[in-house]
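Letter by letter, the chains look like this.
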Amino acid sequence: MYDAELAQERTYVDGLYARLDELRAEKIQQLAQVRREKSMGTHQNRSERDAFASLYENRLAQLNAVDDRLVFGRLNLDSGEQRYIGRIGLSTEDLRQLMVDWRAPEAGSFYQATAFERLGVRRRRHLLLHGRTVKAIEDDVLDHSMLVEGEHLQGEGALMAALNSKRTGRMNDIVGTIQAEQDRIIRSPLSGALVVQGGPGTGKTAVALHRAAYLLYTHRERLQSAGVLLVGPSNAFMKYIERVLPSLGETGVVMSSMGSLLPGVSATAFESAEVARLKGRIEMVQVLANAVANRQRLPRRDERLDVEGTRLILTPRQVRRARERARATGKPHNEARVTFVKILLSELTDQLREHIESTGAGNTADRSYLADDVRGSRDVRIMLNLCWMPISAQKLVRDMFSKPEILRAVTPGFTEAERALLLRPADSPWTESDVPLLDEAAELLGDLDETGGRAEAANDAQRKRDLANAEKAISNMNQQLEDSGVDGMLTAEQLADYNVVAEDALTNAEKALTDRTWAYGHVVVDEAQELSPMQWRLLVRRCPVKSFTIVGDIAQTSSAAGANSWRQALTPFMGDRWALEELTVNYRTPTQIAEAAVRMANAAGQIVSAPKAVRDGEWDPIVDHVGPDGLIAQVVAVMDEESSAVGGGLMAVIAPPAMVEETAAALRAVYGHRVGHGAGSVEQDIVVLDPHEAKGLEFDGVIIVEPAALLAGAGGRVGDLYVAMTRPTQRLRLIASMPLPAGIQA
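Residues numbered from 1 in each chain as written. Predicted model: local features only at pLDDT ≥ 70, side-chain atom pairs only at ≥ 80, totals over all residues. Heavy atoms only, no water.

Participant: Even after reading the chapter, I still don't get the overall build of the chain, so can you show me in this structure?
Facilitator: Within the chain, the regular secondary structure consists of 31 helices and 22 strands. Looking at the 746 residues of the chain, the share that counts as buried comes to 49%. Of the contacts made within the chain by residues no fewer than 6 positions apart, 73% connect residues no fewer than 24 positions apart. Accessible surface, the chain as shown: approximately 34500 Å² in total, 51% of it carbon and sulfur. (Helix = DSSP H or I, 4+ residues; strand = E, 2+ residues; numbered from the N terminus. Buried < 20%, exposed > 50% of the residue type's maximum accessible area, 1.4 Å probe, protein only. Contact = heavy atoms within 4.5 Å. Areas by Shrake-Rupley, 256 points an atom, 1.4 Å probe, with all protein chains shown as cover.)

Participant: Just to check I follow, could you spell out the nonpolar core for this structure?
Facilitator: What tends to happen in soluble globular proteins is that the nonpolar side chains get buried as a cluster. Among the nonpolar cores identified, the biggest contains 78 residues, and W102, I704 and M725 are the most heavily contacted of them. With near-sequence residues (within four places) excluded, I704 lies in contact with I654, L710, L721, A724, M725, L732, R733, L734 and I735. Judged by nonpolar contacts, the second largest core, of 60 residues, contains A193, V231, A267 and L531. (Core = buried A, V, L, I, M, F, W, Y, C linked by side-chain atoms within 4.5 Å.)

Participant: Honestly, the pairing of strand β7 (residues 193–198) in this entry has me stumped. Any pointers?
Facilitator: The side chains of a regular strand alternate, first on one face of the sheet and then on the other. Extensive coverage of β7 is indicated by the burial of 6 of its 6 residues. Bridge analysis of β7 against strand β13 (residues 548–552) gives 5 bridges, and the strand direction is parallel. By the bridge assignment, V195 is partnered in β13 with I550. Looking at chain direction, β7 and strand β14 (residues 578–583) are connected through 6 bridges and run parallel. Residue pairing in the sheet places V196 in a bridge with E581 of β14. (Pairing = 2+ DSSP bridges.)

Participant: Would you explain the confidence of the model for the chain in this entry?
Facilitator: Regions with low pLDDT should not have their predicted coordinates read in detail. Per-residue pLDDT for the chain averages 86, and the proportion of residues at 70 or more is 86%. Counting contacts from residues 149–156, a segment whose pLDDT is below 50, to residues more than four positions away or on other chains yields 22 contacts. (pLDDT = per-residue confidence, 0-100.)

Participant: What is the right way to read the side chain of K279 from this model?
Facilitator: Residue placement: K279 occurs in helix α10 (residues 273–280). The residues contacting K279, other than those within four sequence positions of it, are E271, M284, F401, L422, R424, T431, S433, D434, L437 and M534.

Participant: Whenever I open this one, the packing of aromatic side chains confuses me. Can you help?
Facilitator: By convention here, two paired aromatic rings are described through the distance between centres and the angle between planes. One pass over the full model with this rule turns up 4 aromatic pairs. Measuring from centroid to centroid gives 5.2 Å for F110 and Y111, while their planes differ by 90°, and the two rings are edge-to-face. The same class applies to F110 as to Y111, namely buried. A network of ring pairs unites the aromatic residues F72, F110 and Y111 as a single cluster. Across the ring face of F414, the terminal group of R281 is positioned such that the distance to the ring centre comes to 4.9 Å. (Phe/Tyr/Trp six-rings, centres within 6.5 Å; stacked < 30°, edge-to-face > 60°. Lys NZ or Arg CZ within 6 Å of the ring centre and 35° of its normal.)

Participant: Which parts of the structure should I look at to understand the pattern of salt bridges?
Facilitator: Between side chains of opposite charge, pairing is possible as soon as their charged atoms come close. Per the stated rule, a full pass over the model turns up 49 salt bridges. One salt bridge connects R220 with E250, and the closest N-O pair in it is separated by 2.8 Å. Here R220 is found in helix α7 (residues 220–226), whereas its partner E250 is found in the loop between α9 (244–247) and β9 (254–257), with 30 residues between them in sequence. On the basis of relative accessible area, R220 is assigned to the partly exposed category, the value being 28%. Residues E642 and R733 are paired through a salt bridge, measuring 2.6 Å at the closest nitrogen-oxygen approach. Within this pair, whereas E642 is found in helix α27 (residues 631–645), its partner R733 is found in strand β22 (residues 728–736), the two being separated by 91 residues in sequence. Across the pair, R733 and E642 agree in class, each one buried. Each of D439, E440, E443, R516, R537, R541 and R542 takes part in one network of salt bridges that share partners. (Salt bridge = Lys/Arg side-chain N within 4 Å of Asp/Glu carboxyl O.)

Participant: Whenever I open this one, the environment of R419 confuses me. Can you help?
Facilitator: One can find R419 in helix α18 (residues 416–422). R419 gets classed as buried once you look at its relative accessible area, which sits at 9%. When the C-alpha atoms of R419 and V275 are compared, they prove to be 9.7 Å apart, with 144 residues separating the residues in sequence. Leave out the neighbours within four places in its chain, and R419 touches L407, R408, T411, P412 and F414.

Participant: Sorry, what's going on with the UniProt feature "binding site: ATP" (unreviewed entry) in the chain here?
Facilitator: Per the UniProt record, "binding site: ATP" (unreviewed entry) is annotated on G198, G199, P200, G201, T202, G203, K204 and T205. The topology assignment puts P200 in the loop between β7 and α6 (204–218). P200 has contacts with D553, Q556, N586, R588, T589, P611, Y722, T726 and R727, leaving out every residue within four places of it along the chain. As for its placement among the helices and strands, T205 is situated in helix α6. Assessed through its relative accessible area of 11%, T205 is described here as buried. (UniProt positions renumbered as here; feature names shortened; annotations may be inferred.)

Participant: Sorry if this is basic, but what is going on with the sheet that holds strand β12 (residues 522–525) here?
Facilitator: Working definition: the strands of a sheet are paired by backbone hydrogen bonds and lie parallel or antiparallel to each other. Spatial ordering of the open sheet is given by β9-β8-β12-β13-β7-β14, a layout of 6 strands whose pairing is parallel. The open sheet has two edge strands, β9 and β14, and neither has a second partner. Put simply, the sheet's adjacent strands are angled 15° from each other on average, direction ignored. Sheet strands in contact with helix α24 (residues 533–542) are β8 (228–232), β12 and β13, and its direction is about 150° off that of β13. Here helix α25 (residues 566–574) sits on the sheet and contacts β7, β13 and β14; the angle it forms with β14, its principal contact strand, is near 150°. (Axes fitted to C-alpha atoms, helices over the stretch in contact; angles between N-to-C directions.)

The following block contains the structure:
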């Protein structure tokens, strides 16, 4: 009976793949046809062509991304219907449904039905595919009347098969094995902020990614134009998860680490916990406001300015009055400067006119040239810039941290010790903690036109020339147009637009990546417990409607600027518009390792949630005690044993940041190119990481170097060590020269 059922499923799945191939070929043909069309016709025609090309490209990308394990489930319903569940929806040409998208309401019972509440489901079948081939089937029979001979097929559990499979360095989706509590969270309403709290291995990240795909499917019209932003803790993490959403049928989500959220800035440098804590404080909002105000200066005395040989006087009172009026506009610094400059240029022009008329002939000749004389004066330009200098966010923040006199002026509430921590050379690279400060500065400063308005004026002038040329061309062709009966059907604006070279069409995701002011429809934040108040402020600015999915584990907080509770983190920004859900089952970490991590945290005074592990492991955590000079040598000595124990699976060495390079070099000397370290190496056989880079990742086996140093490096907070201990799916080894933190060994 099993073989017959398996053969039947293989036949049906072959038909699904045949339909997928048909659709793919159809989109390839449609895309090729659109691309063959020449750039002719009206501006609207060209826009429509580009829109169709984008539509076909996106659909083709979706069809390509779902090829692997296209279908994973089947429902037998009380109505007699058989309903297949897969990554996308598929229908025949005459719209007969072949497969239901896992996000559709009709698919919800695949995840939610139980023997106690069947939801109309008699049997739930899991299809285990390798590529395009059905390798096994497993049935959950929910209607006891089906439990007769030959009806109950039982193979290896789909969930356990997924949990016991080797890691690859890339996250796999869990779309075929989503559990009921996870599914309920994934399908939660869009509005407001949803916090998903869960201990290690509970599938927080998977839930967040599947929720992003679900929301885009369910609220396509609302979210497609605004987009969804997904923020993770590191570049290594973003690389680890980058294939999941495409495999779920979504290719347009904007994905970014916190260090890359500002266009044009890639923050890769690290700084001390004390500095990160200072920069993350909400008080930095006022510090940056002070820094901007510091660039709006008053002269100490009357200033004499030379304009074409005439001496004009600019007084502190005039500058103060112009500054007050410019600030009253409520515009950002660089935009308000236009008002400031206009007022003072007008006053200086009036002063020049009065001087000429009082000393000259006193005639009423045209004096319009005087404004140009004032504007062109070198003295005037220098003084206006000294009083109100246009400035970029990068220069504002760089100057603030590199010039002691500016830092002292803008941080009146800081101690000298705190200022000393913040001071750094002007050419220092940007850090992750700098990004929200740069974003805040950009908000306060507004756009910087480094041409002083000349670029906008040049564009306006060019547009006027284009319109004039178009009008002349239409005038010259007027008789021909009349003879053709089309006089008046073409305007100068249309002709000018036709001759504009169109920019390459960008997707909304591509536009969002280059636009700091882009407002997203929804934001998903992973490892959110690490975020500082300034980072939360940045993210809320990215989504003014405050529609968030926030996932994390307060117990894993290791950042000095991170939160001790979700209420502390969110209430200042969300008020009471957030709800808390909790994941209670640990799918990743074997019982022995999970319990050791919880004991360690509890012994350090940290109360952590202890989700129930679904499986026992083969090994308790292994501890090696060595001398201070033997740590790295021991890592190399045990690597073969550890790799062999997990069947040649993916191995991670998690070490204090100062030891990562040396440890990686020692392993590379033995294992060569199989060893990597840092963000770009998560797919190599052996990867060496610090705890920050390891956040959110998982490995078959993990070796932790000097666990006590991980505690010390985090200022005694257990987050780094807790994270490191809960990365393995099979085996954990700790190598220590210092006394082992309490609780690890029972």
